[in-house]
Amino acid sequence: MSKQIVIGVTNLSSHHVTGSLVDQVLTELGFDAERVYSTHETNFKKLKSGEVDMLASTWLPSNSLFA
């Protein structure tokens, strides 16, 4: 069984942070994690085709929730 895992990350700053955290956790669990940066649409196509093993993403709520 391969311990390599490819993470699809949306190429926007908030998603980069999430991708980095997921990469760190997987590395600590013994995986050889690799991040691949693409647009939302391209990442879903890569997931469907098996080019990436998982997606790491984020959603930031409206600032009005923190007012």
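The shown structure was predicted, so the numbers you read here are calculated from the model rather than taken from an experiment. (Residues numbered from 1 in each chain as written. Predicted model: local features only at pLDDT ≥ 70, side-chain atom pairs only at ≥ 80, totals over all residues. Heavy atoms only, no water.)

## A word on the packing of aromatic side chains
Thought 1: Within this structure, the stated rule accounts for zero aromatic pairs.
Thought 2: In this structure, Lys3 is placed above the aromatic ring of Phe31, and the distance from its NZ or CZ to the ring centre is 5.6 Å. (Phe/Tyr/Trp six-rings, centres within 6.5 Å; stacked < 30°, edge-to-face > 60°. Lys NZ or Arg CZ within 6 Å of the ring centre and 35° of its normal.)

## Description of the nonpolar core
Across soluble globular proteins, nonpolar side chains show a tendency to be buried alongside one another.
Thought 1: Within the largest apolar cluster, six residues are counted, these being Ile5, Ile7, Val9, Leu26, Ala33 and Ala56.
Thought 2: The contact partners of Ala56, leaving out residues within four places of it in the chain, are Ile7, Gly8, Val9, Thr10, Thr18, Gly19 and Val22. (Core = buried A, V, L, I, M, F, W, Y, C linked by side-chain atoms within 4.5 Å. Buried < 20%, exposed > 50% of the residue type's maximum accessible area, 1.4 Å probe, protein only. Contact = heavy atoms within 4.5 Å.)

## A look at the environment of Lys3
Thought 1: In this structure, Lys3 sits in the segment before strand 1 (4–10).
Thought 2: When neighbours within four sequence positions are excluded, Lys3 is seen to be in contact with Leu29, Gly30, Phe31 and Asp32. (Helix = DSSP H or I, 4+ residues; strand = E, 2+ residues; numbered from the N terminus.)

## With respect to the environment of Asn11
Thought 1: Relative to the helices and strands, Asn11 resides in the loop between strand 1 and helix 1 (13–28).
Thought 2: For Asn11, a relative accessible area of 47% gives the class partly exposed.
Thought 3: Sequence separation between Asn11 and Tyr37 is 26 residues; the distance between their C-alpha atoms is 5.1 Å.
Thought 4: Setting aside residues up to four positions removed in sequence, Asn11 forms contacts with His16, Tyr37 and Ser38.
Thought 5: Only 2.8 Å separates the side chain of Asn11 from the side chain of His16, close enough to count as a polar contact. (Polar contact = N/O pair within 3.5 Å; in protein donor to acceptor, adjacent residues only side chain to side chain.)

## Description of the pairing of strand 1
On a regular strand, each side chain points to the face opposite its neighbour's, so the side chains alternate between the two faces of the sheet.
Thought 1: Summarising burial for strand 1: six of the seven residues are buried, a large majority.
Thought 2: Two elements, strand 1 and strand 2 (residues 32–38), share seven bridges in a ladder whose sense is parallel. Its bridge partner being in strand 2, Val9 is matched across the sheet by Tyr37.
Thought 3: Note that the unit made of strand 1, helix 1 and strand 2 has a crossover that is right-handed.
Thought 4: Across three bridges, the pairing between strand 1 and strand 3 (residues 54–56) is parallel. Across the sheet, Ile7 pairs through a bridge with Met54, a residue of strand 3. (Pairing = 2+ DSSP bridges. Right-handed = clockwise from strand over helix to strand, strands pointing away.)

Coordinates in, geometry out; function isn't part of it.
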